[in-house]
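One letter stands for each residue in the lines below.
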Amino acid sequence: QVQLVESGGGLVQAGGSLRLSCAVSGSIFSIGAMGWYRQAPGKQRDLVAAITSGGSTNYADSVKGRFTISRDNSRNTVYLQMNSLKPEDTAVYYCYLLSSSTGRAYWGQGTQVTVSP
């Protein structure tokens, strides 16, 4: 069974930084894209950043220049470095991966990020 376990969330003041990690465990034949979504209370889940197996990245306009996504394929882990955090970044952050062999998506359980003014 494939599991994604996020860590690194918490409470930070505006202007601060956090680094999220998402480690994949279990049997999966091949991992394609990985990334992060976030969901604020009362809002839909939106893409924050994604990275392909080859390292190409994509970011939401609202986080460009502040967030950096990276991955360690040898550890099946994806990271999200978040700098210059703003109160509007407050949300539950979910990591995901896409199986490149089946196209199936797998999700983590989420980690709370709260940015105080």
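Above this text sits the structure in question.
For the structure given in this document, a descriptive report is provided here. (Residues numbered from 1 in each chain as written. Predicted model: local features only at pLDDT ≥ 70, side-chain atom pairs only at ≥ 80, totals over all residues. Heavy atoms only, no water.)

### Details of the pairing of strand β9 (residues 91–99)
In terms of burial, β9 is largely enclosed, as seven of its nine residues are buried. Examined bridge by bridge, strand β4 (residues 31–39) and β9 share seven bridges and lie antiparallel to one another. Within the sheet, the bridge partner assigned to Y37 lies in β9 and is Y94. Pairing of β9 with strand β11 (residues 111–116), which is carried by three bridges, proceeds in the antiparallel orientation. Within β11, the residue paired with V92 across the bridge is Q112. With three bridges connecting them, β9 and strand β10 (residues 105–107) associate as antiparallel partners. Bridge assignment links Y96 to a residue of β10, and that residue is W107. In this antiparallel pair of consecutive strands, β9 and β10, the connection spans five residues, and G103 shows a positive phi of 80°. (Buried < 20%, exposed > 50% of the residue type's maximum accessible area, 1.4 Å probe, protein only. Helix = DSSP H or I, 4+ residues; strand = E, 2+ residues; numbered from the N terminus. Pairing = 2+ DSSP bridges.)

### A look at the state of the cysteines
For the structure shown, the criterion picks out one disulfide. One disulfide bridge connects C22 with C95, the sulfur atoms lying 1.9 Å from each other. One quick way to see it: the torsion about the S-S bond of C22 and C95 is about 45°, and its sign makes the bridge right-handed. Residue C22 is found in strand β3 (residues 18–25), and its partner C95 is found in strand β9; the two are separated by 73 residues along the sequence. (Disulfide = S-S within 2.5 Å.)

### Here's the deal with the pattern of salt bridges
Side-chain pairing between opposite charges can occur once the charged atoms of the two side chains come close. Counted according to the given criterion, the structure contains four salt bridges. Note that R66 is salt-bridged to D89, the shortest N-O span being 2.8 Å. Residue R66 is found in the loop between β6 (57–59) and β7 (67–72), and its partner D89 is found in the loop between β8 (77–82) and β9; the two are separated by 23 residues along the sequence. Relative accessible area serves as the criterion here: at 11%, R66 is assigned to the buried category. A salt bridge links R75 to D72; the nearest nitrogen and oxygen atoms lie 3.7 Å apart. A residue is classified by how much of its surface remains accessible, and R75, at 59% relative accessible area, is exposed. Here D72 falls in the partly exposed class, since its relative accessible area comes to 23%. Put simply, R38, R66 and D89 are held in one network by salt bridges that share partners. (Salt bridge = Lys/Arg side-chain N within 4 Å of Asp/Glu carboxyl O.)

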